[in-house]
Amino acid sequence: MSRRRGHIPSRPTWRCQGCGIAWPCSSAKLRLLGEYREDRTALLVYLATLQAEAAEQLAELDGNAPPADLAERFTGWARPGRPRAGRLPSPP
């Protein structure tokens, strides 16, 4: 029986072990939203901690060049009140 890899980050590249794309992948995001559905603040703290770790490791891999767009990649999608793709925000 083969074991499937979970959608977790592979350090220091920060690619998903399950699907190979930049982590957090869509599957990881869905899992994290489910796990932290009652505490979005804790999710954002957790993701910000991982973002800092990823920034350091990715910079080391790229000759100490700071990686771009990590804030959107790690925490931007998890902020409450953001409209989902394909949905317009409600009028004020």
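Quick caveat: nothing in here was measured; it's all calculated off a predicted structure.

**Student:** What is the right way to read unusual backbone geometry from this model?
**Tutor:** It is generally the case that most residues other than glycine have a negative phi and that most peptide bonds are trans. With an omega of 10 degrees, the peptide bond running from arginine 11 to proline 12 counts as cis. Each neighbour pair has its own omega, and for tryptophan 23 with proline 24 the value is 5 degrees, a cis peptide bond. If you trace the backbone, proline 24 turns up in the loop between strand E2 (15-16) and helix H1 (26-35). The residue aspartate 69 is not glycine, and still its phi comes out positive at about 60 degrees. Its place among the elements puts aspartate 69 in the loop between helix H2 (40-61) and helix H3 (70-74).

**Student:** Any chance you could explain the packing of aromatic side chains here in plain terms?
**Tutor:** Two numbers describe a pair of aromatic rings. These are the distance of the centres and the angle of the planes. For the structure shown, the criterion picks out four aromatic pairs. Taking the centre distance of 6.2 Å and the plane angle of 55 degrees together, the rings of tryptophan 14 and tryptophan 23 count as tilted. No difference in accessibility class separates tryptophan 14 from tryptophan 23, as the two residues are buried. Of the aromatic side chains, those joined through ring pairs into one cluster are Trp14, Trp23 and Phe74.

Parameters at a glance
Residues numbered from 1 in each chain as written. Predicted model: local features only at pLDDT ≥ 70, side-chain atom pairs only at ≥ 80, totals over all residues. Heavy atoms only, no water. Helix = DSSP H or I, 4+ residues; strand = E, 2+ residues; numbered from the N terminus. Phe/Tyr/Trp six-rings, centres within 6.5 Å; stacked < 30°, edge-to-face > 60°. Buried < 20%, exposed > 50% of the residue type's maximum accessible area, 1.4 Å probe, protein only.

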